[in-house]
Amino acid sequence: MDFQTFLQQFVNALSLGSLYALIAIGYTMVYGILRLINFAHGDVFMLGGYLAFFGVSTFFMPWWLAVVVAIALTTVFGVGLERAAYRPLRDSPRISIMISAIGASFLIENLAIVLFDARPKAFPVPAFFSQNLMFGGVRVSTVSLVIPLVTALILAALLWIVHRTKTGMAMRAVSTDIDAARLMAIDVNKIVSITFAIGSALAAVGGIMWAMKYPRLEPLMGIMPGLKCFIAAVIGGIGSIAGAVLGGLLLGIIELMTIAFLPEFTGYKDAFAFILLIVVLLVKPTGLLGKNQGEKV
């Protein structure tokens, strides 16, 4: 492989890793607050792409307005999902809330098949994002440049919210001890709703950008990306925002660069995520940036 081809593949890998990172942040935020793995997160990701699609194709909205509306509606859906499927079971055993999360995921997927039709749909990508730019012989699509930039801006905004605002302080308090947070007059329900709102908005942004990079929508499109992003969050240290970004970037780069150097393993590219997960958990069970946490008994 020459250096030009290496750069071409690295840009593609960085773009995919940024997408994984963006979606993984939603997983890690919910887990950091509630110690809950939101298995429906990949389906919320799918919903964001479909809502933007229908905004453009059915309601003839300008593209930017369809994106804003899709993110807003997906955020509302995520908050409603927390209230309907997770909040009533918050004080129940963890297995109960995990089963509820799995059930919510199956429900959303099957409703999407009924409402949106199982046939794949082509996502309307604006002309600007379809352009190819040349940098010294390396061809880069505009969307591949936009995705890492959006991820970096969102990461900076989230870190500012978590470490520089009262809401972020309340999030950190709830993640440390939810009962003590209640005693300190923190509205736990409000903080959890805000967390789900942020996570769902990030899933919507990720779903829309995924649809622009891979312009094909189908009701089950969130299953494998959602699973890989969960793996990315675990690799980086689930509960850590920076860890989720690191895990997503690492997973995307390893996945595409391995295929670039060993094209005969293209059919096994989805297995790389699981291999990487096993290796990281054997070496550092808490993830790359995770910390050991004592458990009260």
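This section reports on the structure supplied with the text. Quick caveat: nothing in here was measured; it's all calculated off a predicted structure. (Residues numbered from 1 in each chain as written. Predicted model: local features only at pLDDT ≥ 70, side-chain atom pairs only at ≥ 80, totals over all residues. Heavy atoms only, no water.)

1. Observations concerning the side chain of Ser-15
Part 1: Take Ser-15: it is sitting in helix H1 (residues 3-34).
Part 2: Judged by its relative accessible area of 0%, Ser-15 is buried. (Helix = DSSP H or I, 4+ residues; strand = E, 2+ residues; numbered from the N terminus. Buried < 20%, exposed > 50% of the residue type's maximum accessible area, 1.4 Å probe, protein only.)

2. Side note on the pattern of salt bridges
Oppositely charged side chains are able to pair whenever their charged atoms sit close together.
Part 1: The final tally for this structure, using the stated rule, is 8 salt bridges.
Part 2: With its nearest N and O atoms 2.7 Å apart, the salt bridge here joins Asp-117 to Arg-119.
Part 3: Overall, Asp-117 belongs to the partly exposed group, its relative accessible area being 28%.
Part 4: Between Asp-179 and Arg-182 there is a salt bridge whose closest N-O contact spans 3.1 Å. Remark: Arg-182 and Asp-179 occur in helix H8 (residues 178-183); sequence separation between them is 3 residues, near one turn of the helix.
Part 5: Asp-179 sits in the partly exposed class, given a relative accessible area of 44%.
Part 6: For Arg-182, a relative accessible area of 36% puts it in the partly exposed group.
Part 7: Within this structure, Lys-228, Glu-255, Lys-269 and Asp-270 form a network of salt bridges that share partners. (Salt bridge = Lys/Arg side-chain N within 4 Å of Asp/Glu carboxyl O.)

3. Let's talk about unusual backbone geometry
Part 1: Here Arg-35, not a glycine, exhibits a phi torsion of approximately 55 degrees, which is positive.
Part 2: Within the element layout of this structure, Arg-35 appears in the loop between H1 and helix H2 (41-57).
Part 3: Of the residues examined, Arg-35 reaches a relative accessible area of 24% and is grouped as partly exposed.
Part 4: Backbone geometry places Phe-60, a non-glycine residue, at a positive phi of 55 degrees.
Part 5: Examined against the element boundaries, Phe-60 turns out to sit in the loop between H2 and helix H3 (63-86).
Part 6: By relative accessible area, which is 68% here, Phe-60 ends up exposed.

4. Considerations on the pairing of strand S2 (residues 138-141)
Part 1: The sheet contact formed by strand S1 (residues 132-135) and S2 spans 4 bridges and is antiparallel. Each residue of the ladder has a partner; that of Leu-133, found in S2, is Val-140.
Part 2: Two successive antiparallel strands, S1 and S2, enclose a turn made up of 2 residues, where Gly-136 displays a positive phi of approximately 60 degrees. (Pairing = 2+ DSSP bridges.)

5. Some thoughts on the nonpolar core
Within soluble globular proteins, side chains that are nonpolar generally end up buried alongside one another.
Part 1: By size, the foremost hydrophobic cluster in this structure holds 79 residues, and its most contacted members are Ile-25, Leu-81, Tyr-86 and Phe-123.
Part 2: For this core, the element with the most residues is H1, which contributes 14 residues. (Core = buried A, V, L, I, M, F, W, Y, C linked by side-chain atoms within 4.5 Å.)

6. Things to note about the packing of helix H10 (residues 223-236) against helix H11 (residues 241-261)
Part 1: Between H10 and H11, the shortest axis-to-axis distance is 7 Å and the interhelical angle comes to 120 degrees. Classified by the interaxial angle, the pair formed by H10 and H11 is oblique. The chirality of how H10 crosses H11 is right-handed. Contacts between H10 and H11 involve Lys-228, Ala-232, Ala-233, Ile-235 and Gly-236 on the former and, on the latter, Gly-243, Ala-244, Gly-247, Gly-248, Leu-250, Leu-251 and Glu-255.
Part 2: Of the residues that constitute the contact of H10 with H11, the class distribution is 6 nonpolar, 4 polar and 2 charged. (Axes fitted to C-alpha atoms, helices over the stretch in contact; angles between N-to-C directions. Parallel < 35°, antiparallel > 145°, perpendicular 65-115°, else oblique. Left-handed = near helix turned anticlockwise from the far one by under 90°. Contact = heavy atoms within 4.5 Å. Nonpolar A, V, L, I, M, F, W, Y, C, P; charged D, E, K, R; others polar.)

7. Description of helix H9 (residues 188-213)
Part 1: Here H9 is 26 residues long and its end C-alpha atoms lie 37 Å apart, about the 38 Å a rise of 1.5 Å per residue gives.
Part 2: Among the 26 residues of H9, 23 are classified as buried, and the element is accordingly described as predominantly covered. (Expected span 1.5 Å × (residues − 1).)

8. Observations regarding the packing of aromatic side chains
Part 1: Under the criterion given, the structure shown has 16 aromatic pairs.
Part 2: Aromatic side chains Phe-6 and Phe-10 sit 6.3 Å apart centroid to centroid with 20 degrees between the ring planes, which places their arrangement in the stacked category. Highlighted residues: Phe-6 and Phe-10, both in helix H1, separated by 4 residues, approximately one helical turn.
Part 3: Each residue in the set Phe-3, Phe-6, Phe-10 and Phe-261 is aromatic and connected to the rest through ring pairs, giving one cluster. (Phe/Tyr/Trp six-rings, centres within 6.5 Å; stacked < 30°, edge-to-face > 60°.)

9. Examining a nonpolar patch on the surface
Part 1: A contiguous nonpolar surface patch, about 530 Å² in accessible area, is contributed by Phe-39, Ile-95, Met-98, Ile-99, Ile-102 and Phe-106.
Part 2: Inspection of the secondary structure puts Ile-95 in helix H4 (residues 94-116).
Part 3: Residue Ile-95 is classed as partly exposed on the basis of its relative accessible area of 48%. (Patch = residues over 30% accessible without salt bridge, like charges linked within 9 Å, V, L, I, M, F, W, Y side chains within 5 Å. Areas by Shrake-Rupley, 256 points an atom, 1.4 Å probe, with all protein chains shown as cover.)

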